[in-house]
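The primary structure of each chain is shown beneath.
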Amino acid sequence: MTHLWVRAEQRPNEERVGLTPEGAAVLVKAGIRVTVEESSVRAIPIDGYKAAGCEIAAENLWPRAPQDAIIFGLKELPEDGTPLTHRHIMFGHAYKGQPAGRELLKRFKAGGGTLYDLEYLVDESGRRVAAFGYWAGFAGAAVSLKCWAAQQRGGIAGPVAKYPGKAALIADLESELAGLPRPRAIVIGALGRVGTGASDLCTQMGVAVTKWDIAETASGGPFPEVLEHEIFLNCILARPGCPVFVPASAKTDPRKLTVIGDIACDPTSDFSPIKVYDRATDWDAPALRVAHNPPLDVTAIDNLPSLLPVESSEDYAAQLLPSLRTLTDLSSGVWGRAKAEYDRHIAGL
């Protein structure tokens, strides 16, 4: 019997989950054994999983899960160097030259496990079957506006925290923007999930948005228009051949740009299109100041949907559920393609 083990998230400020109780009930009915770990932080309570027929395990017990269990989580595992013996479904951030990703792959190789990277679960056309993109864009644009508002008052953005829902986020942002003129924003990747979420947030807050996508960036750059907007929101994944949207010279070039929201957030990738910073920011310090007079702040939080953990979990889980139902056949479909991607990168170690 296929056994899916939903682990508790161990990263700070991570309350999302990729399977809801309703989805778990569907899997159990389909004959898949589902174990869900207790979690002290998960946004969705454990009682719903119990009612759905799931087995309940202690928090962080997954290293001792049965060897045939498929461990399912979202964000990073503890970086303790231990070999990974199980099959894992997670966001590995391991295929674009990231140093931490290379270490993760070494752990899988040492333990004989397998990574089914959620970013590389794709259909026959290469499109991802599930993504947190919309809520990443929505929350990322909100944090970027918080950074801009703090600048207008002579400071730098303070800590951010989760919201019980979208309405609470909007109310908080309206309070921070009260009495301020609205900036202009440019969104690159505006037609995708992330860009749509970012554009929707800006529109809701009365921010004029310039929407760019493949057609507007096909020239390969340079793109001086980016520097003519107060806020730049990057909503495309870093891939080979990705143009540079913000060169290192932007720190000293004449510009109106004062906030970069790198919502895609891949600063350590070889293909990052933003060359003015080299590390992610976090909830405690969401803005990294990379230039002064005028200021230039970068916000690059890599778990933005966690600011809205309930909405983002429910949305993502609904997208992913059809693929989880096919876990009984890991050799074909989305799982076969993800395994082939893993094998290709393992071979390159």
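This text goes with the structure placed above it.
Residues numbered from 1 in each chain as written. Predicted model: local features only at pLDDT ≥ 70, side-chain atom pairs only at ≥ 80, totals over all residues. Heavy atoms only, no water.

### Looking at the overall build of the chain
A tally of regular secondary structure across the chain gives nine helices and 12 strands. What you see for the chain is a C-alpha radius of gyration of 21 Å, in line with the 20 Å of a compact globule of 349 residues. Its C-alpha atoms give the chain principal-axis dimensions of roughly 60 × 45 × 35 Å. In the chain, which comprises 349 residues, the share counted as buried stands at 54%. In the chain, once contacts between residues fewer than 6 apart in sequence are set aside, the share between residues at least 24 apart is 71%. Only carbon and sulfur atoms are counted for the fraction: they give 53% of the accessible area of the chain, which is about 14500 Å². Here the chain contributes 36 positively and 42 negatively charged side chains, and the mean placements of these two sets differ by 2 Å. (Helix = DSSP H or I, 4+ residues; strand = E, 2+ residues; numbered from the N terminus. Rg over C-alpha atoms; globule rule 2.2 N^0.38 Å. Buried < 20%, exposed > 50% of the residue type's maximum accessible area, 1.4 Å probe, protein only. Contact = heavy atoms within 4.5 Å. Areas by Shrake-Rupley, 256 points an atom, 1.4 Å probe, with all protein chains shown as cover. Lys, Arg positive; Asp, Glu negative; His and termini not counted. Charge placed at Lys NZ, Arg CZ, Asp CG, Glu CD.)

### Quick notes on the sheet that holds strand 11 (residues 288-291)
Hydrogen bonds between backbone atoms are what pair the strands of a sheet, whose relative direction is either parallel or antiparallel. Read across the sheet, six strands follow the order 8-7-9-10-12-11 without closing on themselves; strand pairing throughout is mixed. Taken across any chain shown, the strands that pair with only one partner, and hence form the sheet edges, are strand 8 (208-212) and strand 11. Put simply, the sheet's adjacent strands are angled 20 degrees from each other on average, direction ignored. Two strands pair when backbone bridges link them, and strand 9 (residues 231-234) and strand 10 (residues 259-262) are joined in this way by four bridges, in the parallel orientation. Across the sheet, isoleucine 231 pairs through a bridge with valine 259, a residue of strand 10. Packing of helix 6 (residues 193-204) onto the sheet brings it into contact with strand 7 (184-188), strand 8 and strand 9, and relative to strand 8 it is tilted by some 165 degrees. (Pairing = 2+ DSSP bridges. Axes fitted to C-alpha atoms, helices over the stretch in contact; angles between N-to-C directions.)

### Points about the packing of helix 4 (residues 133-152) against helix 5 (residues 166-177)
Put simply, helix 4 and helix 5 touch, their axes get as near as 10 Å, and they point 20 degrees apart. Taken together, the axis directions place helix 4 and helix 5 in an arrangement best described as roughly parallel. Regarding helix 4 and helix 5, the two cross each other, and that crossing is left-handed. Across the interface between the two elements, Trp135, Phe138, Ala142, Leu145, Lys146, Trp148 and Ala149 from helix 4 touch Lys166, Leu169, Ile170, Asp172, Leu173, Glu176 and Leu177 from helix 5. For the contact of helix 4 with helix 5, a count of residues per class yields 10 nonpolar, no polar and four charged. (Parallel < 35°, antiparallel > 145°, perpendicular 65-115°, else oblique. Left-handed = near helix turned anticlockwise from the far one by under 90°. Nonpolar A, V, L, I, M, F, W, Y, C, P; charged D, E, K, R; others polar.)

### Digging into the pairing of strand 1 (residues 3-6)
Here strand 1 shows two buried faces, one formed by His3 and Trp5 and the other by Leu4 and Val6. Bridge count between strand 1 and strand 2 (residues 33-37): four bridges; the pairing is parallel. Note on strand 2: the bridge partner recorded for histidine 3 is arginine 33. Taken together, strand 1, helix 1 (residues 21-29) and strand 2 constitute a β-α-β crossover, and its handedness is right-handed. For strand 1 and strand 4 (residues 70-72), the ladder comprises three bridges, and the chain directions are parallel. Within the sheet, the bridge partner assigned to valine 6 lies in strand 4 and is phenylalanine 72. (Right-handed = clockwise from strand over helix to strand, strands pointing away.)

### What to know about the sheet that holds strand 4
Pairing is parallel across the open sheet formed by six strands, whose spatial order is 3-2-1-4-5-6. The open sheet has two free edges, formed respectively by strand 3 (55-57) and strand 6 (114-117), since each of these has just one partner strand. For this sheet, the mean angle separating the axes of adjacent strands, direction not counted, is 25 degrees. This element, helix 9 (residues 333-347), spans strand 5 (87-90) and strand 6 of the sheet and lies at about 120 degrees to strand 6.

### Focus: helix 9
Across its 15 residues, helix 9 extends 21 Å between first and last C-alpha, which sits within 8% of the 21 Å expected from 1.5 Å per residue. Of all the residues in helix 9, the buried ones are Val334, Trp335, Gly336, Ala338, Glu341, Tyr342, His345 and Ile346. Packing partners of the buried residues in helix 9 comprise strand 5, helix 3 (99-111), strand 6 and helix 8 (309-324). (Expected span 1.5 Å × (residues − 1).)

### A word on the nonpolar core
In this structure, Leu145, Leu169, Leu201, Met205, Leu233 and Ile263 are the most contacted members of the largest nonpolar core, which totals 40 residues. Elements that contribute at least two residues to this core include exactly helix 4, helix 5, strand 7, helix 6 and strand 9. It is helix 4 that provides the largest number of residues to this core, a total of 12 residues. For leucine 145, the residues in contact, after removing those within four places along its chain, are Leu173, Leu177, Pro183, Leu201, Met205, Val207 and Ile231. (Core = buried A, V, L, I, M, F, W, Y, C linked by side-chain atoms within 4.5 Å.)

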